[in-house]
Amino acid sequence: MGIYEDMWKQIVMQKKCDYSLESLGETLQIIEGEEVWREDFEVTSSEGHVLQCSLYKPLDFKPFPGTPISNVIVQPPNLSSTTNPTILNVLTPNLSTPQPLSSPPPQPAMDLVVYFHARGGARIEGLFLVKTLLPRCLVLLFDFAGSGHSGGDFITLGLRESIDAHMVLSHLKSRYPIRKIGIWGRSMGAVTAILYAEQHPEMPLAALILDSPFSSYKDMIFDIIRSKYSVPKCFIKAGAGIVNSTIKQRTGADLTRLKPIKSIKNVHAPIFMMVGISDIIARPDRVKDLYNAAASEFKEFHLFPGEHASSRGQKVNVTALYFLLRQLTPDPVDAFIKRNVLEQ
């Protein structure tokens, strides 16, 4: 039974993805001829952990008038990316431009795409969206509690992550005029997106890109154990009980409540779902069941070569981006995809 006693750590105590702030890109960079600013900020999670977040936005896209940006980690444009950032309380991240005394006219709202990373991952997973979508859309990347540079020791495969995602997105919507929101989630992040969409139908969700979500926690554990060990079904059930009990005791989270296949019946936003043909964590047949259960009238299902942790090929990513942009923008997207994806 030792394999079961140790398994709880593999599920909720993944080694944090280590990366440098420099790997998030320059604080100020030029994309499509426009200046793009990386605004690093912090939000406190539902469990009291500090979540590390990065918003990529056009430099001239400013917060609501009079809205202070507290706990924003700012690197002025004239400093190198290796300089230690300073935490400031400012009215706008554009430190070089004096602020007018009178209130400026309201600026048009922008669309936002947020990336929910996988178990054991971090916000750097979503960097491919930055140069693809900016300056047309805002891009938000952040580390869930227990991941990357954020505080906390445990992950909960979407249970608490969906709560923290709402805190981060609500924080951002209170500061900036946001029009529509697109979510791209992978693995744990895809499950988080499903739970979030069910819990917050009031949010202006334009589309969900769901990369390899599991259909239920119990089925996922069963599939993983059966793929690695020749264990009778009754032993798997008993061992899973030990794992679940230990996780609940250590984290206070009951992961057996995770049933995305039930939650997705209440999700009406457009859905693009994809999974690797050889995935044993999110089995393609179970993901297809998840797809069929979705309430969304506009949805697509795609298989791609590979396993759960395989790199995603350009074909499926471009198809997903095309789906996402069709929901976000009234402008033609064919030229946009060709310029920002295929030619990179």
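Parameters at a glance
Residues numbered from 1 in each chain as written. Predicted model: local features only at pLDDT ≥ 70, side-chain atom pairs only at ≥ 80, totals over all residues. Heavy atoms only, no water. Salt bridge = Lys/Arg side-chain N within 4 Å of Asp/Glu carboxyl O. Helix = DSSP H or I, 4+ residues; strand = E, 2+ residues; numbered from the N terminus. Buried < 20%, exposed > 50% of the residue type's maximum accessible area, 1.4 Å probe, protein only. Axes fitted to C-alpha atoms, helices over the stretch in contact; angles between N-to-C directions. Parallel < 35°, antiparallel > 145°, perpendicular 65-115°, else oblique. Left-handed = near helix turned anticlockwise from the far one by under 90°. Contact = heavy atoms within 4.5 Å. Nonpolar A, V, L, I, M, F, W, Y, C, P; charged D, E, K, R; others polar. Pairing = 2+ DSSP bridges. Core = buried A, V, L, I, M, F, W, Y, C linked by side-chain atoms within 4.5 Å. Phe/Tyr/Trp six-rings, centres within 6.5 Å; stacked < 30°, edge-to-face > 60°. Lys NZ or Arg CZ within 6 Å of the ring centre and 35° of its normal.

## Focus: the pattern of salt bridges
Taken as a whole and judged by the stated rule, the model has 11 salt bridges. The shortest N-O distance in the salt bridge between D111 and R136 comes to 3.6 Å. A residue pair is termed long-range when its members are at least 10 positions apart, and D111 in strand β6 (residues 110-116) and R136 in the loop between α2 (130-133) and β7 (138-142) qualify at 25 residues. Judged by relative accessible area, which is 22%, R136 ranks as partly exposed. For D111, the salt bridge is made with R179, and the minimal N-O distance between the two is 2.9 Å. Taken together, the residues D111 in strand β6 and R179 in strand β8 (residues 178-186) connect sequence positions 68 residues apart. R179 sits in the partly exposed class, given a relative accessible area of 34%. Connected via shared salt-bridge partners are D219, D223, R283, D285 and R286.

## Observations concerning the packing of helix α3 (residues 161-173) against helix α4 (residues 188-199)
At their nearest, the axes of α3 and α4 sit 8 Å apart, and the two run at 70° to each other. One element, α3, and the other, α4, form an angle in the roughly perpendicular class. Pair α3 / α4 crosses with right-handed handedness. Residues E161, S162, A165, H166 and L169 of α3 pack against M188, T192, L195, Y196 and Q199 of α4. Split into classes, the residues belonging to the contact of α3 with α4 amount to 5 nonpolar, 4 polar and 1 charged.

## Overview of the pairing of strand β2 (residues 34-44)
When a strand is regular, its side chains alternate between the sheet's two faces. Here strand β1 (residues 28-31) pairs with β2 via 4 bridges, running antiparallel. Directly across from I30, in β2, lies its bridge partner E35. Taken together, β1 and the strand that follows it, β2, pair antiparallel across an intervening segment of 2 residues, in which E32 is found at a positive phi of about 55°. As paired strands, β2 and strand β3 (residues 50-58) are joined by 9 bridges and run antiparallel to one another. By the bridge assignment, F41 is partnered in β3 with C53. Hairpin connection of β2 to β3: 5 residues between the antiparallel strands, including G48 at a positive phi of 90°.

## Details of the packing of helix α5 (residues 217-228) against helix α6 (residues 233-251)
Contact geometry of α5 with α6 gives a least axis separation of 10 Å together with a crossing angle of 125°. Classified by the interaxial angle, the pair formed by α5 and α6 is oblique. The two elements α5 and α6 meet at a crossing, and its hand is right-handed. Residue-level inspection shows Y217, I221, F222, I225 and R226 of α5 in contact with α6, the latter providing K233, I236, A240, V243, N244 and I247. Here the residues of the contact of α5 with α6 are counted per class, giving 8 nonpolar, 1 polar and 2 charged.

## A few points about the nonpolar core
Counting 68 residues, the largest nonpolar core has I11, L140, L157, Y217, L255 and I264 as the members making the most contacts within it. Contact partners of I264, with chain neighbours within four places excluded, come to I194, L210, I271, M273, L290, A293, A294 and A295. Of all hydrophobic cores here, the second largest spans 29 residues; its members include L129, L133, M274 and A320.

## As for the packing of aromatic side chains
Tallied over the entire structure, the rule returns 10 aromatic pairs. Relative to W184, the ring of F128 lies with its centre 5.2 Å away and its plane at 80°, an arrangement referred to as edge-to-face. Taken together, the positions of F128 in the loop between β6 and α2 and W184 in strand β8 put the pair 56 residues apart, joining distant regions of the chain. Overall, the relative accessible area of 32% leaves F128 in the partly exposed class. Looking at W184, the relative accessible area reads 2%, which means it is buried. Between F272 and F323, the ring centres sit 5.6 Å apart and the planes meet at 55°, which makes this aromatic pair tilted. Of this pair, F272 sits in strand β10 (residues 271-276) while F323 sits in helix α9 (residues 314-328), and the two are 51 residues apart along the sequence. Taken together, the ring pairs connect Y115, F128 and W184 into an aromatic cluster. Geometry around Y291 places K299 over its ring, the cationic atom sitting 4.8 Å from the centre.

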